[in-house]
Amino acid sequence: MTAFAPDSLILNRKLPLWYQVSQSLRASILGRTPDASLRLPTEEQLATHYGVSVLTMRQALKELEEEGLISRHRRRGTFIEPGARRSAPRRLLGSIDAIVAQQSGERTTVLSHGAGPVPGELAEYFPDVTEVFAYRRLRSDGESGEPTNWAENAVRPDIAAGLDPADLERWPMTKVLRDVVGVRISRITDTVEARLADPETAALLQVPLLSPILHYTGVTYDAEGRVVDVARIRYRGDRFSFSVTVEAH
């Protein structure tokens, strides 16, 4: 069994130190390797690692204890609760089937759908249309029911005409576009970046405001080179990590 090793942290002066430390340690706990020790370093060791005072470290640990992620025992130390869920990694692989597979296995609720003007930040993707159809969905863990991510899709009007929103509660958008609507998908461009949860995301995913999230943008092109769908998905930072495999040939 390997020793538990917390991630490093670059502190932001705009946020409370204890909060930043608790979120970093929380992500390390939930993203730990299966063979990692359940015993955490001492308060003093963690404080030194993060470059904060022991008092700040205690406040951060108290937050995690109240969440049920750790338990603290006098003279014995601090331990990760065995039931603390590890994050589920998302692998960005080079096939449409892989993308469909990584989006499956979750319970999906369609929050809203309808036509509207092209958002300014998406104008470059839809230069030849004035409106798109927007679909907003919330995905939850199939077992616990805990929210895991929420998605916004902007779809071309001519493509949306053949799309039944009910299908989006059964299958991922990529599968619906390809196998139900009949779009000949040529490629999908993925971008993943770290962001802080805005009020809407915090409420939907049941996480603290400004907590770390993973923001995914997927741009889907058809065989004619047109953008048919732009997906923007916010993943809970404590539940997901993304890995990329590059094979040498």
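The structure presented is a predicted model; accordingly, all values stated were derived computationally and were not measured. Starting afresh in each chain, residues are numbered from 1 along the sequence in its written order. pLDDT decides what is reported in this predicted model: residues at 70 or higher carry local features, side-chain atom pairs at 80 or more are listed and counted, and totals for whole chains, interfaces and linings draw on all residues regardless. Excluding hydrogens and water, the side-chain values take into account all heavy atoms of the structure.

Chemist: Tell me what's going on with the overall build of the chain, and back it up with residues and numbers.
Modeler: Each helix is a run of DSSP H or I of at least 4 residues and each strand a run of E of at least 2, with the numbering of both proceeding from the N terminus. The helix and strand tally for the chain stands at seven helices and 10 strands. Out of the 249 residues belonging to the chain, those deemed buried represent 46%. Every residue pair with non-hydrogen atoms within 4.5 Å of one another is taken to be in contact. Sequence separation of 24 or more characterises 61% of the internal contacts of the chain that already satisfy a separation of 6 or more. In these tables, accessible area is a Shrake-Rupley quantity obtained with a 1.4 Å probe, and a residue counts as shielded only by the protein chains included in the view. As displayed, the chain has an accessible area near 13,200 Å², and 51% of this comes from carbon and sulfur atoms. A simple rule labels every residue: compare its accessible area, found with a 1.4 Å probe on the protein chains alone, to the largest value its type can have, and call it buried under 20%, exposed over 50%, or partly exposed in between.

Chemist: Let's hear about helix α3 (residues 54-67): which residues, and what values?
Modeler: Counted at 1.5 Å a residue, the expected span for α3 with its 14 residues is 20 Å, and the 20 Å between its end C-alpha atoms agrees. When α3 is considered as a whole, its buried residues turn out to be Thr-56, Met-57, Ala-60, Leu-61 and Leu-64. End-on, the buried residues of α3 take up no more than an arc of 135 degrees, which puts them together on one face. In this structure, α3 carries Leu-55 and Glu-66 as exposed residues pointing more than 90 degrees from its buried face. Gly-68 lies just past α3 and shows a positive phi near 85 degrees. For a helix, the expected span equals 1.5 Å multiplied by the residue count minus one. Directions drawn from the helix axis to the C-beta atoms are what define this arc.

Chemist: I'd love a proper account of the pairing of strand β6 (residues 147-155), names of residues and values included.
Modeler: In terms of burial, β6 is largely enclosed, as nine of its nine residues are buried. Bridge count for strand β5 (residues 131-141) against β6 is eight bridges, and the pairing is antiparallel. Within β6, the residue paired with Leu-138 across the bridge is Trp-150. Hairpin geometry of β5 and β6 is characterised by an intervening segment of five residues between the two adjacent antiparallel strands and by a positive phi of about 80 degrees at Gly-145. Whether two strands pair depends on DSSP finding at least two bridges between them.

Chemist: Could you give an account of the pattern of salt bridges, naming the residues involved and the relevant values?
Modeler: The working definition used for a salt bridge is a side-chain nitrogen of Lys or Arg within 4 Å of a carboxyl oxygen of Asp or Glu. Counted under the stated rule, the structure contains 17 salt bridges. A salt bridge links Glu-121 to Arg-232, with the shortest nitrogen-to-oxygen separation between them at 2.9 Å. Here Glu-121, found in the loop between β4 (106-117) and β5, pairs with Arg-232, found in strand β9 (residues 227-236); they are 111 residues apart in sequence, far enough to count as distant. Each of Asp-128, Arg-156, Asp-158, Asp-222 and Arg-226 takes part in one network of salt bridges that share partners.

Chemist: Break down the packing of aromatic side chains for me, with residues and values.
Modeler: Centres within 6.5 Å are what make two rings of Phe, Tyr or Trp a pair, Trp counting through its six-membered ring; a difference in plane orientation under 30 degrees is then read as stacked, over 60 as edge-to-face, and the rest as tilted. Applying the stated criterion across every chain, the model contains one aromatic pair. Pairing Trp-18 with Tyr-19 gives two aromatic rings, centres 6.1 Å apart and planes at 85 degrees, and the pair type is edge-to-face. Tyr-19 sits in the buried class, given a relative accessible area of 11%. One residue, Lys-175, lies across the ring of Trp-171, its end atom 5.9 Å from the ring centre. Sitting over a ring, as applied to charges here, requires NZ of Lys or CZ of Arg to be within 6 Å of the ring centre and within 35 degrees of the ring normal.

Chemist: Give me the lowdown on the nonpolar core, citing residues and values where you can.
Modeler: Membership of the largest hydrophobic core comes to 19 residues, with the highest contact counts inside it found for Tyr-135, Leu-163, Leu-168 and Met-173. Only β6, α5 (157-160), α6 (173-181), β7 (185-196), β8 (212-222) and β9 provide two or more residues apiece to this core. The definition of a nonpolar core used throughout is a set of buried Ala, Val, Leu, Ile, Met, Phe, Trp, Tyr and Cys residues joined through side-chain atoms within 4.5 Å.

Chemist: So what about the environment of Met-173? Which residues, and what values?
Modeler: Mapped onto the elements of the fold, Met-173 is located in helix α6. Placed 38 residues apart in sequence, Met-173 and Tyr-135 show a C-alpha to C-alpha distance of 9.6 Å.

Chemist: Describe the confidence of the model for the chain, listing the residues and the values that go with them.
Modeler: For every residue, the predictor assigns a confidence score, pLDDT, that lies between 0 and 100. For the chain, the average pLDDT comes to 84, and 84% of its residues sit at 70 or higher. At the low end of the mean pLDDT range in the chain sits strand β3 (residues 88-92), at 49; at the high end sits α5, at 97.

Chemist: Talk me through the environment of Leu-204; I want residue IDs and the actual numbers.
Modeler: In this fold, Leu-204 is placed in helix α7 (residues 199-205). With near-sequence residues (within four places) excluded, Leu-204 lies in contact with Leu-111, Arg-136, Leu-138, Pro-147 and Trp-150.

Chemist: Lay out the packing of helix α2 (residues 43-50) against α3 with the relevant residues and their values.
Modeler: The axes used here are C-alpha line fits, helices contributing only the stretch in contact, and every angle between their N-to-C directions lies in the interval 0 to 180 degrees. Look at α2 against α3: their axes get within 9 Å of each other, and the N-to-C directions meet at 105 degrees. Taken as axis vectors, α2 and α3 run roughly perpendicular relative to one another. Taking contact as the criterion, the partners of Glu-43, Glu-44, Leu-46, Ala-47 and Tyr-50 in α2 are, on α3, Val-54, Met-57, Arg-58 and Leu-61. Residues are grouped as follows: Ala, Val, Leu, Ile, Met, Phe, Trp, Tyr, Cys and Pro are nonpolar; Asp, Glu, Lys and Arg are charged; every other residue, Gly included, is polar. A breakdown of the residues in the contact of α2 with α3 according to their chemical character gives six nonpolar, no polar and three charged. Just so you know how the angles are binned, under 35 degrees is roughly parallel, over 145 roughly antiparallel, 65 to 115 roughly perpendicular, and the rest oblique.

Chemist: Run through the sheet that holds β7, naming residues and quoting values.
Modeler: Ordered by their spatial adjacency, six strands build an open sheet running β4-β5-β6-β9-β8-β7, and the pairing between neighbours is antiparallel. For this open sheet the edge positions go to β4 and β7, each flanked by a neighbour on one side alone. Neighbour to neighbour, the strand axes of the sheet diverge by 15 degrees on average, direction disregarded. One ladder, built from 11 bridges, connects β4 with β5; its direction is antiparallel. Of the residues in β5, the one forming a bridge with Thr-108 is Arg-139. Across the sheet, α6 touches β5, β6, β7 and β9, and the angle it forms with β7 is around 170 degrees.

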